[in-house]
Amino acid sequence: MSGPESAGGKSCRTRKRRDESMFLKTVRNAVLATAACGLAAVSAAGAQEISDSHLQAARAAISAIDATDRYDGILPDVAEALKARLLQNNPDLENEILMFVDEEALALAARRGDLEAEAAEIYARALREEDLRAIAEFYRTEAGQALIRNGPIAAREVTEAA
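Attention in this report is confined to the structure presented alongside it. (Residues numbered from 1 in each chain as written. Predicted model: local features only at pLDDT ≥ 70, side-chain atom pairs only at ≥ 80, totals over all residues. Heavy atoms only, no water.)

**A word on the overall build of the chain**
Test applied: A run of H or I in DSSP counts as a helix once it spans at least four residues, and a run of E counts as a strand once it spans at least two, with each numbered from the N terminus. Any two residues having at least one pair of non-hydrogen atoms within 4.5 Å are treated as being in contact. Exposure was quantified through the Shrake-Rupley algorithm and a 1.4 Å probe, taking into account, for residues, occlusion by the shown protein chains and nothing else.
Per the secondary structure count, the chain includes seven helices and zero strands. Mapped in sequence order, the helices and strands of the chain form the string α-α-α-α-α-α-α. Partitioning the contacts of the chain with sequence separation of at least 6, the portion at a separation of at least 24 is 80%. Within the structure as shown, the chain displays about 11,100 Å² of accessible surface, and the carbon and sulfur contribution to it stands at 55%.

This is how it looks when you write it as structure tokens:
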């Protein structure tokens, strides 16, 4: 085919590709903005110098109390919600949306260690090294593990009783 029909068809395909490209850029920006907000929420500014042993004690306490575990589900949940919303508005781009959101989520998941490092700095600024060591020591005991398992249940029941 030649003439206006083929030119019009090519123009339509070019426009569709350009629209898809703009859409994917918008999706990328939405994913990155969501991640940036999450990192900003756990990020704290501070020029205070923290010793390696203090950071090590903070990491031990964070690990013992599972301080950052609750954030593990945020990125997958946001990615799934974003996919659902984008697919609702653009069902014709299903493969591109699924692939793109998954790739971006995986790239952001690789930054999980950054959260641990930020959390260690935050805890180290908030608590003395000796206190962090005592916290880690307690939560590694049977009593500490019982508190981790049952503390939220007890807190919820106290709130219900109030």
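What follows picks up the thread again.
**Here we look at the packing of aromatic side chains**
By convention here, two paired aromatic rings are described through the distance between centres and the angle between planes. Convention followed: Note on aromatic contacts: the rings of Phe and Tyr and the six-membered ring of Trp form a pair at centre separations within 6.5 Å, being stacked when their planes are under 30 degrees apart, edge-to-face when over 60 apart, and tilted otherwise. Burial classes follow relative accessibility: with a 1.4 Å probe on protein chains only, a residue under 20% of its type's maximum area counts as buried, one over 50% as exposed, and anything between as partly exposed.
The final tally for this structure, using the stated rule, is one aromatic pair. An angle of 80° between the planes, with centres 5.0 Å apart, marks the rings of Phe 138 and Tyr 139 as edge-to-face. Overall, Phe 138 belongs to the partly exposed group, its relative accessible area being 35%.

**A few points about unusual backbone geometry**
You will see that Asp 66, though not glycine, has its phi angle at about 55°, which is positive. Structurally, Asp 66 is set in the loop between helix H2 (52-65) and helix H3 (74-89). Judged by relative accessible area, which is 33%, Asp 66 ranks as partly exposed.

**Some words on H2**
Heads up, the rule is: To estimate how far a helix should extend, the number of its residues minus one is multiplied by 1.5 Å.
Taking 1.5 Å per residue as the helical rise, H2 with its 14 residues ought to reach 20 Å, and the 20 Å between its terminal C-alpha atoms agrees with that figure. Buried positions along H2 lie against helix H5 (112-126), helix H6 (129-139) and helix H7 (142-161).

**Regarding the nonpolar core**
For the record, the criterion: Nonpolar core, defined: a set of buried Ala, Val, Leu, Ile, Met, Phe, Trp, Tyr and Cys residues in which side-chain atoms within 4.5 Å join the residues together.
Grouped together as the largest cluster of nonpolar side chains are 15 residues, with contacts concentrated most on Leu 55, Ala 58, Ile 62, Ala 120, Ala 124, Leu 132 and Ala 136. Residue assignment for this core shows that the elements contributing at least two residues are H2, H5 and H6. Broken down by element, this core gets its largest block of residues, seven residues, from H2. Each residue touching Leu 55, except ones within four places of it in the same chain, is listed here: Ile 50, Ala 120, Glu 121 and Ala 124. Judged by nonpolar contacts, the second largest core, of seven residues, contains Ala 79, Leu 82, Leu 86 and Val 101.

Don't take any of this as a statement about function, it's just geometry.
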